[in-house]
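Below, each chain spelled out in residue letters.
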Amino acid sequence: MFVALIATLLAVSSVVAAQGLNDCMKPRYSLYLGYYREDPTNNPEDPTAGMILGCFPSKSGNFRTQFLFSYVGCLGYINLGSVRGYKRITSMEGDWSGSVDGKSIGGSFEGSCNDEMSYCSGNWYNSGGKTRVQVGGCRYFVSPVGSWYLFRLGEGSGNFKPNIDTSKVPPVIRWGSVPGSGYYFVYVHDKDCLYRKMSLHECTVWHASCPQGVTSVPYGDRTICIGITPALPLESGKEYVVSVMATGGSMGGMIPGSDVKAFGMEVFRAP
């Protein structure tokens, strides 16, 4: 039976609200996107990765982070979790909590940013240790520990950056081939929505999984890649954020494996 590795921390899809932080439109706050990983050594059965959204102050203050696992879980709904924390100059710490298919999970969250605040990373811990979740024949593990990586909008890792050709209708998203990658996961988000709601789930306008060898796809295409979230119409003149995650493996071609090879993003304005 397919091991639905879902929400692993992922479940930690944060819909949180760090005290007093209900949006990312405050002065001296910036929006970040990136990915989290489950630790494959501690969770060899089904280690996965997924998107993460963050809102951090340039100096000290409350921060908010959201993890999103795109799978809907054994019971058919999106598992969510939340991170509440405080950042002191470049270091941060907090706690996360959530529920995956009815099982409560949570633990600590910590990390740091570089001096330029263009990149932040750290670890998350599941206080309950490695957790087995099973609903009927659907089962998976929540890893006891994992890592996370966040980049200021427009940044990324692995010298990897998507390009959006807005002269085409619909726009064509292109990226370079990454050695060792078997899948490319494409995410498109409404930029203004991310700032106002800080919700990956609510602000996703398209999400797809592309197999090895594919390095470009028209927005919303359903023949080249596997559509995970149906594409919504793009609004002319509106800004969107495209993120592409390259991984060596995946779960059923739908969930990124934890072996992330590169991550990049770009902002574009719909024609």
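In what follows, the structure referred to is the one given above.
Predicted, not measured: the structure shown is a model, and the values here were computed from it.

Asks: What is the right way to look at the overall build of the protein chain in this model?
Replies: If you tally the helices and strands in the protein chain, you get 3 helices and 21 strands. Looking at the protein chain as a whole, 55% of its 271 residues qualify as buried. Partitioning the contacts of the protein chain with sequence separation of at least 6, the portion at a separation of at least 24 is 65%. Summing over all exposed atoms, the protein chain offers an accessible surface of approximately 10,900 Å²; the carbon and sulfur share of this is 49%.

Asks: Looking at this structure, I do not really get the side chain of Lys 87. What am I missing?
Replies: Note on placement: Lys 87 falls in strand 4 (residues 80-88). No salt bridge is formed by the buried Lys 87, whose closest oppositely charged neighbour, Asp 115, lies at an N-O distance of 9.5 Å. Only 2.2 Å separates the side chain of Lys 87 from the backbone oxygen of Ile 89, close enough to count as a polar contact. In this structure, Lys 87 is in contact with Phe 56, Pro 57, Ser 58, Lys 59, Ser 60, Gly 61, Phe 63, Met 92, Cys 113 and Met 117, ignoring residues within four places of it in sequence.

Asks: Looking at this model, I keep getting lost on the state of the cysteines. Mind explaining?
Replies: Linking two cysteines covalently via their sulfur atoms produces the bond known as a disulfide. Here the structure, examined in full by the defined rule, presents 4 disulfides. Note that Cys 113 is cross-linked by a disulfide to Cys 120, the S-S spacing being 2.1 Å. The sign of the S-S torsion, about 100 degrees, decides the handedness of the disulfide formed by Cys 113 and Cys 120: right-handed. A relative accessible area of 9% means that Cys 113 is categorised as buried.

Asks: Got a minute to help me understand the pattern of salt bridges in this structure?
Replies: Side chains that differ in charge, positive against negative, can pair when their charged atoms come close. Going through the model one piece at a time under the given rule, you end up with 11 salt bridges. Taking the shortest distance from any N to any O, the salt bridge between Asp 23 and Lys 26 comes out at 3.6 Å. For Lys 26, a relative accessible area of 30% puts it in the partly exposed group. Between Lys 191 and Glu 239 there is a salt bridge; the shortest N-O distance is 3.0 Å.

Asks: Would you mind going over unusual backbone geometry with me for this structure?
Replies: Negative phi is the rule for most residues except glycine; trans is the rule for most peptide bonds. The residue after Val 169, namely Pro 170, is reached through a cis peptide bond having omega 0 degrees. Assignment of secondary structure puts Pro 170 in the loop between strand 12 (163-165) and strand 13 (172-174). Backbone geometry at Arg 28 places phi at a positive 70 degrees, although glycine is not the residue there. Here Arg 28 shows up in the loop between helix 1 (8-11) and strand 1 (29-38). In this structure, Ile 89 is a non-glycine residue whose phi angle is positive, near 55 degrees. Looking at the secondary structure, you find Ile 89 in the loop between strand 4 and strand 5 (91-100).

Asks: Looking at this model, I keep getting lost on the sheet that holds strand 16 (residues 216-218). Mind explaining?
Replies: Strand pairing in a sheet relies on backbone hydrogen bonds, with the paired strands running either antiparallel or parallel. Read across the open sheet, the 3 strands follow the order 12-13-16; overall the sheet is antiparallel. The two strands at the open ends of the sheet, each matched to only one other strand, are strand 12 and strand 16. Put simply, the sheet's adjacent strands are angled 20 degrees from each other on average, direction ignored. Of the pairings in the sheet, the one linking strand 12 to strand 13 comprises 3 bridges and is antiparallel in character. Each residue of the ladder has a partner; that of Asp 165, found in strand 13, is Val 172.

Asks: Quick question: what am I supposed to make of the pairing of strand 5 here?
Replies: Remark: a regular strand shows side chains that alternate across the two faces of the sheet. Judged by which residues are buried, strand 5 turns out to be one-sided: Met 92, Gly 94, Trp 96, Gly 98 and Val 100 face inward and are buried, whereas Ser 91, Glu 93, Asp 95, Ser 97 and Ser 99, on the alternate face, are not. Where strand 5 and strand 6 (residues 103-113) come together, 10 bridges link them in antiparallel fashion. Considered in strand 6, the bridge of Ser 91 is made with Ser 112. As consecutive antiparallel partners, strand 5 and strand 6 are separated by 2 residues, and within that stretch Asp 101 has a phi angle of approximately 50 degrees, a positive value.

Criteria and cut-off values
Residues numbered from 1 in each chain as written. Predicted model: local features only at pLDDT ≥ 70, side-chain atom pairs only at ≥ 80, totals over all residues. Heavy atoms only, no water. Helix = DSSP H or I, 4+ residues; strand = E, 2+ residues; numbered from the N terminus. Buried < 20%, exposed > 50% of the residue type's maximum accessible area, 1.4 Å probe, protein only. Contact = heavy atoms within 4.5 Å. Areas by Shrake-Rupley, 256 points an atom, 1.4 Å probe, with all protein chains shown as cover. Lys, Arg positive; Asp, Glu negative; His and termini not counted. Salt bridge = Lys/Arg side-chain N within 4 Å of Asp/Glu carboxyl O. Polar contact = N/O pair within 3.5 Å; in protein donor to acceptor, adjacent residues only side chain to side chain. Disulfide = S-S within 2.5 Å. Pairing = 2+ DSSP bridges. Axes fitted to C-alpha atoms, helices over the stretch in contact; angles between N-to-C directions.

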